[in-house]
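Structural features, examined
Read off the chains here:
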Amino acid sequence: MAKKLSSNLRIELFRSLKMMARGKVQTYGALRKLHEQYSSGGKKPKNPLAMAAEEAIAGMASGEPLAQSLGSWIPESEASILAAGERSGDLAKAYQDAINLIKRQQRMSRAIWGGLAYPIFMMVMICVFLSLISYMVVPAFARMSPMENWTGGAAALAAVATLVTSYGIFVLIGMAGLIVAGTYSASRWAGGWRIKLDEIPPWSIYRRVHGAIFLANVAVMLRSGSQLMDVLLFLQRNANPWLRLRIQDTIYGIGQGHNMGEALIDAGYNFPSKDALPFISIIAEQEGFEVGLAEFSEEWLNTTTEKMEDAGKVAFVIGIVLIVVILGLVQVGLFSLQNNLIPSSRL
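Read on for a plain summary of the structure. Here the structure is a predicted model, which is why all the values come from computation and not from measurement. (Residues numbered from 1 in each chain as written. Predicted model: local features only at pLDDT ≥ 70, side-chain atom pairs only at ≥ 80, totals over all residues. Heavy atoms only, no water.)

Our next topic: the overall build of the chain. Scanning the chain from terminus to terminus reveals 14 helices and zero strands. The linear arrangement of helices and strands in the chain, starting from the amino end, is α-α-α-α-α-α-α-α-α-α-α-α-α-α. For 347 residues, the compact-globule formula gives about 20 Å, and the C-alpha radius of gyration of the chain, at 28 Å, lies well above that figure. Along the first, second and third principal axes, the C-alpha atoms of the chain reach 95 × 60 × 30 Å. Out of the 347 residues in the chain, the part that is buried amounts to 41%. (Helix = DSSP H or I, 4+ residues; strand = E, 2+ residues; numbered from the N terminus. Rg over C-alpha atoms; globule rule 2.2 N^0.38 Å. Buried < 20%, exposed > 50% of the residue type's maximum accessible area, 1.4 Å probe, protein only.)

In structure tokens:
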């Protein structure tokens, strides 16, 4: 089974195909030229792009369309865009739409990981500080004077160390369990109480991020010439349980004669977001809905990305404050120990 191309390699592939499509080079000939270039004239047959081009050439030679020939190397959402481009006869535009989709997803991924990096880093630093205090600093002073005799800042430092050594492992296990549960449930838990939990982090973040990606996918596929119902049915087939339920109920609403925005509202999930639904409902009634949705999805994606970046900065500031508080506690505790416990232990 072929391995999917990375996002950067897919951008390179689509960009090359787009340039040749604009130069009126037929798709089959373009693939042969790409295979020749990426394999360095057959010297590097294992190059992923060369292998993808070779498989696509074989597929098209047997009568398969381009989207199907490349299907094992690219995500189905991008294959759908190429298929729509083949139907409309404008593959150059389809290649650019696929590139735009990849770049949006890349930007969102960077925002997510950037937002997570700050709090993870600060949590690690806090755990390191607390571990050093609890397992090295406090025990060293406890050998000079029993902790029961400590007062003031020293007593506070001893209390923190006792909490960390006694319950720290359980707190870490609990936090890890919550992270695993949140991650596991994000894409699998679809209904019931999940609708209420989608209003609070981390589920609200998941809803907003994947709502932005959903709108971007719909907009790109519509602009590639696909019909709305075909797009939604395609996305439903390839969605996780959480997203599948929301698309399923949206499809039902459209089947009842509502536009996409009205169907999203009637579904009752506040997906992709409560404040986005009225605008989607309005533009869904207008001519050129796919253009309006594309513009809105771009703005929504930018806003979501900015919110993720801002959340990461807030988490970083909170982490810095906590570290300063811990360092202050350590300084006060050590000062108390040095000025009271150590001199008294020498008398």
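Right, let's talk about the layout of surface pockets for a bit. Within this model, the largest pocket holds a volume of roughly 1200 Å³. If you trace the largest pocket, you find 29 residues lining it, with Leu-116, Ile-179, Thr-183, Pro-202 and Ile-205 closest to the centre. Broken down by element, the lining of the largest pocket gets its largest block of residues, ten residues, from helix H6 (residues 91-142). When the residues that make up the lining of the largest pocket are grouped by side-chain class, the tally is 23 nonpolar, six polar and no charged. (1 Å grid on protein atoms, 1.4 Å probe; cavity = no way out; pocket = protein on both sides within 12 Å on 5 of 7 lines; lining within 4 Å. Points joined across faces, edges and corners; volume = space filled by probe spheres on them. Nonpolar A, V, L, I, M, F, W, Y, C, P; charged D, E, K, R; others polar.)

What follows concerns helix H9 (residues 203-223). With 21 residues, H9 should cover 30 Å at 1.5 Å per step; its first-to-last C-alpha distance of 30 Å lies within 8% of that length. Counting buried residues in H9 gives 18 out of 21 residues, a clear majority hidden from the surface. With its phi angle positive at about 105°, Gly-225 sits one or two positions after the end of H9. (Expected span 1.5 Å × (residues − 1).)

A word on the packing of H9 against helix H11 (residues 241-255). Contact geometry of H9 with H11 gives a least axis separation of 12 Å together with a crossing angle of 60°. Classed by the angle they form, the pair H9 and H11 counts as oblique. Crossing handedness for the pair H9 and H11: right-handed. Only Trp-242, Leu-243 and Ile-247 of H11 make contact with H9, whose side of the interface consists of Tyr-206, Arg-207, His-210 and Phe-214. When its residues are assigned to classes, the contact of H9 with H11 shows five nonpolar, one polar and one charged. (Axes fitted to C-alpha atoms, helices over the stretch in contact; angles between N-to-C directions. Parallel < 35°, antiparallel > 145°, perpendicular 65-115°, else oblique. Left-handed = near helix turned anticlockwise from the far one by under 90°. Contact = heavy atoms within 4.5 Å.)

Another aspect to go through is the packing of aromatic side chains. Under the counting rule described, the total for this entry stands at six aromatic pairs. Aromatic pair Tyr-206 and Trp-242: ring centres 5.0 Å apart, planes at 75°, arrangement edge-to-face. One end of the pair, Tyr-206, is in helix H9; the other, Trp-242, is in helix H11, and 36 residues separate them in sequence. Just as Tyr-206 is buried, Trp-242 falls in that class too. (Phe/Tyr/Trp six-rings, centres within 6.5 Å; stacked < 30°, edge-to-face > 60°.)

Tracing the backbone shows Ala-79 in helix H5 (residues 76-88). Residues Ala-79 and Ser-69 lie ten residues apart in sequence; the distance between their C-alpha atoms is 9.3 Å. Setting aside its immediate chain neighbours within four residues, Ala-79 contacts Ala-67 and Ile-74.

Purely spatial values, then, with no claim about function.
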